[in-house]
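Here's the letter readout for the chains.
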Amino acid sequence: GQQVMQIPQYQHVQEGEDFTTYCNSSTTLSNIQWYKQRPGGHPVFLIQLVKSGEVKKQKRLTFQFGEAKKNSSLHITATQTTDVGTYFCAGSEGNEKLTFGTGTRLTIIP
Amino acid sequence: DTGVSQDPRHKITKRGQNVTFRCDPISEHNRLYWYRQTLGQGPEFLTYFQNEAQLEKSRLLSDRFSAERPKGSFSTLEIQRTEQGDSAMYLCASSLYQGYGYTFGSGTRLTVV
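First, a word on scope: everything that follows refers to the structure included in this document. These figures come from a predicted structure and were not determined experimentally. (Residues numbered from 1 in each chain as written. Chains lettered and ligands numbered in written order. Predicted model: local features only at pLDDT ≥ 70, side-chain atom pairs only at ≥ 80, totals over all residues. Heavy atoms only, no water.)

This next bit is on the packing of aromatic side chains. Residue and element names in this part refer to chain A. Per the stated rule, a full pass over the model turns up 17 aromatic pairs over all chains. Judged by centre distance (5.3 Å) and plane angle (50°), the ring pair of Tyr 35 and Phe 100 falls under tilted. Of this pair, Tyr 35 sits in strand E4 (residues 31-37) while Phe 100 sits in strand E10 (residues 99-100); the two residues are 65 residues apart in sequence, bridging distant segments of the chain. With respect to burial, Tyr 35 and Phe 100 carry one shared label: buried. Both rings, one in Phe 88 and one in Phe 100, keep their centres 6.4 Å apart while their planes meet at 75°; by these two values the pair is edge-to-face. (Phe/Tyr/Trp six-rings, centres within 6.5 Å; stacked < 30°, edge-to-face > 60°. Helix = DSSP H or I, 4+ residues; strand = E, 2+ residues; numbered from the N terminus. Buried < 20%, exposed > 50% of the residue type's maximum accessible area, 1.4 Å probe, protein only.)

Here is the structure:
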């Protein structure tokens, strides 16, 4: 079955440093979504990427979808304490089911 | 509040008991999903409804699990003869159409003792 892996599993950064998480799928995806889950909270939708090679930005967050539509990345510039949480990618093969990645937990050192 | 509501927030049950959880999706959303999340893991797909029709079930969903969505509105997830391995956060989500981002509820945390 489809597997979605993320690296790293954990990332500790000083406030103001950049952060990147990488997502890799075992199968070609029709689209990929990114979610953020704060400690003790539930996943919150951030963005969806659909096109091969697509790049989208949300303020300090930059999302990329690979050319082969099997990988994606999320880059945060100049992290802030509000960025703390676990970031999940979630891929779809074209059906209704989203397969979530293993997540990258980001902690910020003030 | 127009978000996704789940009830109860927490449930502690003895092994072997049956439990039922409820999810009220965003009213305009015809798609409803159940996921399970254990500590340190990503959400795992359990099942999905489009309106009242249950269109897909995960192999994770043993015959002890059943989900319904009567009239295409709220949904219930029942676990019969609970086992300790069922302890997890059960998340419900809804979406407007295929490919639309999910809106998750706050989840029901189940602890089987």
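Moving on: the sheet that holds strand E6 (residues 55-58) of chain A. Strand pairing in a sheet relies on backbone hydrogen bonds, with the paired strands running either antiparallel or parallel. Residues and elements named next belong to chain A. With antiparallel pairing, 5 strands are arranged side by side in an open sheet as E1-E3-E8-E7-E6. The sheet is open, and its two borders are formed by strand E1 (4-7) and E6, each paired with just one other strand. Averaged over all neighbouring strand pairs, the angle between strand axes comes to 15°, with direction disregarded. Judged from the 4 bridges that link them, E1 and strand E3 (residues 19-25) form a sheet pairing that is antiparallel. Within E3, the residue paired with Met 5 across the bridge is Asn 24. (Pairing = 2+ DSSP bridges. Axes fitted to C-alpha atoms, helices over the stretch in contact; angles between N-to-C directions.)

Looking now at the pattern of salt bridges. Close approach of charged atoms lets side chains of opposite charge pair. Overall, the coordinates contain 5 salt bridges over all chains when judged by the stated rule. For Lys 56 of chain A, the salt bridge goes to Glu 54 of chain A, with nearest N and O atoms at 3.8 Å. Classification of Lys 56 of chain A as partly exposed rests on a relative accessible area of 31%. Close ionic contact of Glu 83 of chain B with Arg 64 of chain B constitutes a salt bridge, the shortest N to O distance being 3.4 Å. Taken together, the residues span a long stretch of sequence, with Glu 83 of chain B in the loop between strand E8 (75-79) and strand E9 (88-95) and Arg 64 of chain B in the loop between strand E6 (53-57) and strand E7 (65-68) at a distance of 19 residues. With relative accessibility at 41%, the residue Glu 83 of chain B sits in the partly exposed group. Look at the salt bridges and you will find they share partners, linking Arg 64, Glu 83 and Asp 86 of chain B into a network. (Salt bridge = Lys/Arg side-chain N within 4 Å of Asp/Glu carboxyl O.)

Attention now moves to the sheet that holds strand E3 (residues 19-24) of chain B. Residue and element names in this part refer to chain B. With respect to topology, 4 strands assemble into an open sheet ordered E1-E3-E8-E7, the strand pairing being antiparallel. For this open sheet the edge positions go to strand E1 (5-7) and E7, each flanked by a neighbour on one side alone. The sheet shows a mean angle of 15° between the axes of neighbouring strands, taken without regard to direction. Alignment of E7 against E8, held across 4 bridges, turns out to be antiparallel. Following the sheet pairing, Ala 67 is matched in E8 by Leu 77.

Within the structure shown, the criterion is met by 2 disulfides over all chains. Here Cys 23 of chain A connects covalently by a disulfide to Cys 89 of chain A, the sulfurs 2.0 Å from one another. Across the disulfide from Cys 23 of chain A to Cys 89 of chain A, rotation about the S-S bond amounts to roughly 80°, and the bridge is consequently right-handed. Of this pair, Cys 23 of chain A sits in strand E3 while Cys 89 of chain A sits in strand E9 (residues 85-92), placing them 66 residues apart in sequence. Residue Cys 23 of chain A shares its accessibility class with Cys 89 of chain A, and that shared class is buried. Here Cys 23 of chain B is linked by a disulfide to Cys 92 of chain B, with a sulfur-sulfur distance of 1.9 Å. The sign of the S-S torsion, about -65°, decides the handedness of the disulfide formed by Cys 23 of chain B and Cys 92 of chain B: left-handed. Of the two residues, Cys 23 of chain B sits in strand E3 while Cys 92 of chain B sits in strand E9, which places them 69 residues apart along the sequence. No difference in accessibility class separates Cys 23 of chain B from Cys 92 of chain B, as the two residues are buried. (Disulfide = S-S within 2.5 Å.)

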